Structures are given as structure tokens and as C-alpha cells.
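# Examination of the molecular architecture
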Amino acid sequence: MRITGYRTLTTSQEWGRPVGDANGVFADGVTAVPIVLVETDEGITGVGLGPHGDIENIFAALHGEDPRAVTSLYDRMLRQTFKAGHAGSVFGTIGALDTALWDIKAQAAGQPLWRLLGGRDRRVPAYASGLDIGLGDDELVAAYEGYARHGLRAAKLKGGLDIERDRDRLHLVRDVLTDAAHGQRPGLMLDVNEAWTRKQAVRHVCELERTLDLVWIEEPVRRWDAEGLAAVGQGIRASVATGENLTGLEQYRPLLAAGAVDVVQAAAVWGVTHFLRVSALAHAFDLPVSPIGNSPVGLLHAATSVPNHLVSELQDLHAPVGVSLDLHVSDGAFVLGDSPGLGVTVAEEKIRPPHRHPQAPAADGPNVRPERAGRRLLAVADHAHATARPHATVRPGAPAHTHDGASPAVRP
């Protein structure tokens, strides 16, 4: 079997409500979901959900190769980007291609990926994560009542702008989940997306902990601040969770060595091989791992095979437009199906006709760090800092590509 080409598509996740975090809000709840399709000479196509950045250069490392050599090809892609580096969207493209290769390998074996990777239990524990900072109280309650109906008993809220507001919202969600569980206390987490300084983090969380029991605080300070993350962890009762924005084991090592992280996270967009390696590294430090992302399909399969998986993030209960998944959510867990591979089906005819007009990248929003982040003296109670703007990115798929040869940027 040989890799012959790739195609790219971009569909959307349509939440039907505002979504965002301390950095900004998309008012229409429409976010882009890029897709990579990897083709083979035996008619098997693998699906990866993730960016397309620099894909033409990266794909040169895969063209003509046997896709079943997944982990070797992963390292080959890293070498392909040796000079410029593999951070950001480039790392996401490597992750999308890597996930597509795992999909091909499992399809060729006639097994679901979770079984191929050595998983025993198809159930993956989940927590609700509504990207909910733009919701009013009634909307917030309604959203988490929906999660509760699927048996979820743990929730992560977005916050970090106003202590009182965060406390009120956490109490609302706690009550929703407690009622649904007939009095059983839920797990609560708060994600502030790197919005604080070290002292702000300790002050804010300690104030919340006067009336709440938080499982973890997520990304309280900058992702690379090992000393700061460790200081926050020493000053609060809750665990510190981070890692979703780290690209490569070399970025995790300083945090683990400094005792700066209690729950090690990895983003779905970075791929299956990355998650497996992060999990092994975290396991060496006796730390749990937790996948992050709206469509963490590949990482859910991988999570069944690692000994230190804690819980996986469940954002929207619906799949992206034109994408169907062989899984369902029941009794607080993702339940993976038996379809060979990832169990992801892409209906290209539903994606190619743009159902929303593409827009230029926004100058603000959840993916853009605000100018005053970490330097706010007063609470931002009304979240007016975050322009609630429409956002959608949907474009027709590109034609298949094939590539030959290497480039000077390839590390031998």
C-alpha cells in the first residue's frame, strides 16, 4: 500500500449559540473545522481533522510511503520541517496527517483504531465543556442541562475575568449537575486560557475555593511559564492542568521537571502519535492525561490504550457539518463504535456547497490574545473586552495533490 495524494476541506461546527473564552467570543457560534483526506493506491482514504498549514511541504515526507508505518512517518514529517520548526499550525498539520494515517492503518487491518491500539474498553470518560463565557445565566443552565441528560457529571467552565461572576456561574452549573445526579457532588473545573499573572491566579482561585471545590484550574498563566505554573499549584488546593498548546515533548519537559502541572493535557489537533508519546512521558511522572478538543476522535481511540487517561473533553454534542462519527455519548462517557479505523465519515457533498459565506480571519476572538491580558486591574464583568462577532470559514475542497522529491529543509 502506498500514499498517493491528499485533499483538504473546511467545514464548520455550528453550535447554535455564542461560544468563546476570556480572549473573545464568536457571537454566531460558527467555528471552522479543517479536514485532511489522505489517499492510497488501494482505495483506502484516511481522515484527519486539523489544519492545512504548509501541507504541501509536509506531505512530501509521506508521498509514496506505506501509510502503515505511522510512527516512523510521524518522525519523518517532523524532520521535514526541521529548519522552520514544527510549532503552531504546522504541528497541527502534522497531527492531522498522522491521524489520517492511523485511520488508514486501522481500516486496512479491519479493526476500529481503539482495538488496534490495544484498548480493552470502548468507553472513554468525558466532562462537559461548553466554551460558555458568552452565555447568560439561563443559557448556561440550559446548556449544561443538555450535557446532564447524557450523564455527564463533571464540567469545565470558561472564566477568568471576574471572580464574582465565575463563582456565580460555577454554582449554577454545580446545582444543575447535582440535581441531575440526585445529590451526588459533581466535578468542576475552570479554564482561563492564560489570562492571569501568577498572583492573580492564586488570588482568584483561592477566593473561589472558599465556597467551591475545584478539580483543576486550566492554563492559569502562560503555557511556557514552568515556575509560574508551579507557584500557582503551590498556592491553591486545585490541580493545575495545562498542555493543550504545547507542541512537542521538548515543551513538556521543563514543566514536568518543575512540578508545574498536575493534569497533563494534549490537544486533539496535534494527532494520535503525539498524544501517545505525551501520555508515556506523563506516566513516567505518575501524572494523568486528558485530551482537549471539540473533535478528539483520534485521541479518544488512543485514550483507551494508555494507563493514565483521566477524562476527555466533550464540547459540542453534535458533529461538524458533513461529518458523522461512529460513537455516541452515554452515562457520562464517549462510547466508541466498531467501524474500522476512526469511524469518521465525511459527506463531501454537504461541505462543498458553502452553507455560510467565508470571512477573513478576525482581528479578535478566542484565538487572539487581548492586549490587556494579564494586565487588568479591575474585573471585566460584562465581557465587553471581547467583541462578539460573527465568524465562519467554509470553502470548497482543494483537488488532490501528489509530490516528489525533498527540499533543503529536510533533516536527513
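So, here is what we can say about the structure in this document. All values reported here derive from a predicted model rather than from experimental measurement.

Criteria and thresholds
- Along each chain, residues carry numbers from 1 onward, in the same order as the chain's sequence is written.
- For a predicted model such as this one, the threshold for reporting local features is a pLDDT of at least 70, and the threshold for listing and counting side-chain atom pairs is 80 or more; totals across whole chains, interfaces and linings nevertheless cover every residue.
- With hydrogens and water stripped out, all remaining heavy atoms of the structure feed into the side-chain values.
- In this description a helix means any DSSP run of H or I spanning at least four residues, a strand means any run of E spanning at least two, and both kinds are numbered starting from the N terminus.
- In what follows, residue pairs with any heavy atoms lying within 4.5 Å of each other are defined as contacts.
- Only the protein chains shown count as covering a residue, and every accessible area follows the Shrake-Rupley method with a 1.4 Å probe.
- The axes used here are C-alpha line fits, helices contributing only the stretch in contact, and every angle between their N-to-C directions lies in the interval 0 to 180 degrees.
- Note on angle classes: values under 35 degrees are labelled roughly parallel, values over 145 roughly antiparallel, values of 65 to 115 roughly perpendicular, and the remainder oblique.
- By the definition used in this description, the sense in which the near helix is turned from the far one sets the handedness, with an anticlockwise turn below a right angle giving left-handed and a clockwise turn giving right-handed.
- When the centres of two rings from Phe, Tyr and Trp lie within 6.5 Å, Trp using its six-membered ring, the rings pair. Their planes under 30 degrees apart give stacked, over 60 give edge-to-face, and anything left gives tilted.
- Three labels apply to residues, based on accessible area from a 1.4 Å probe with only protein chains included: buried if under 20% of the type maximum, exposed if over 50%, partly exposed otherwise in between.
- Criterion for a salt bridge: a side-chain nitrogen of Lys or Arg within 4 Å of a carboxyl oxygen of Asp or Glu.
- When we speak of the arc, we mean the arc of directions from the helix axis to the C-beta atoms.
- Any helix carries an expected span of 1.5 Å times its number of residues minus one.
- A pair of strands is treated as paired once DSSP finds two or more bridges between them.

If you tally the helices and strands in the chain, you get twelve helices and 18 strands. By sequence separation, contacts in the chain at least 24 residues apart represent 73% of the contacts at least 6 residues apart. Put simply, the chain shows about 16,700 Å² of open surface, and 50% of that area lies on carbon and sulfur atoms.

So, about the packing of helix α7 (residues 198-208) against helix α8 (residues 226-235). It is at 9 Å that the axes of α7 and α8 come closest, and there the two elements cross at 25 degrees. Judged on the interaxial angle alone, α8 and α7 are roughly parallel. Where α7 crosses over α8, the two elements pack in a sense that is right-handed. Every residue of α8 that contacts α7 at Arg 198, Ala 201, Val 202 and Cys 206 is listed here: Glu 227, Gly 228, Ala 231, Val 232 and Gly 235.

Further remarks concern the packing of aromatic side chains. The final tally for this structure, using the stated rule, is four aromatic pairs. Arranged with centres 5.5 Å apart and planes meeting at 55 degrees, the rings of Phe 91 and Trp 270 form a pair that is tilted. Of this pair, Phe 91 sits in helix α3 (residues 88-109) while Trp 270 sits in the loop between β11 (263-267) and α10 (272-284), placing them 179 residues apart in sequence. With respect to class, Phe 91 is no different from Trp 270; both count as buried.

Scanning the entire structure with this criterion turns up 20 salt bridges. Among the ionic pairs, Glu 39 bridges to Arg 7, the shortest N-O distance being 2.6 Å. Taken together, the residues span a long stretch of sequence, with Glu 39 in strand β4 (residues 30-40) and Arg 7 in strand β1 (residues 3-14) at a distance of 32 residues. The same class applies to Glu 39 and to Arg 7, which are both buried. One salt bridge in this structure joins Arg 76 and Glu 65, with 3.9 Å as the shortest N-O distance. Of this pair, Arg 76 sits in helix α2 (residues 70-80) while Glu 65 sits in the loop between α1 (55-59) and α2; the two residues are eleven residues apart in sequence, bridging distant segments of the chain. Residue classification places Arg 76 among the partly exposed residues on the basis of a relative accessible area of 33%. Taken together, the shared-partner salt bridges connect Lys 156, Lys 158, Asp 191, Glu 218 and Glu 313 into one network.

Residues spaced three or four apart along an α-helix face the same direction, because each turn holds 3.6 residues. Looking only at helix α9 (residues 249-257), the buried set comprises Tyr 252, Leu 255 and Leu 256. Angular distribution of buried residues about the axis of α9 spans 95 degrees; they occupy a single face of the element. Seen from the open side of α9, the exposed residues pointing more than 90 degrees away from its buried face are Arg 253 and Ala 257. Packing partners of the buried residues in α9 comprise α8, β10 (239-242), β11 and α10. One or two steps after α9, the chain reaches Gly 259, where phi turns positive at roughly 65 degrees.

End to end, α3 covers 32 Å across 22 residues, agreeing with the expected 32 Å (1.5 Å per residue, within 8%). Within two residues after α3, Gly 110 carries a phi angle of roughly 70 degrees, on the positive side.

One open sheet holds the three strands; their spatial order is β1-β4-β5, and the pairing between them is antiparallel. Whereas interior strands pair on both sides, the edge strands pair on one side only; in this sheet they are β1 and β5 (45-49). Between one strand axis and the next, the sheet turns through 20 degrees on average, direction left out of account. In this sheet, β5 lies alongside β4 in antiparallel orientation, the contact comprising five bridges.

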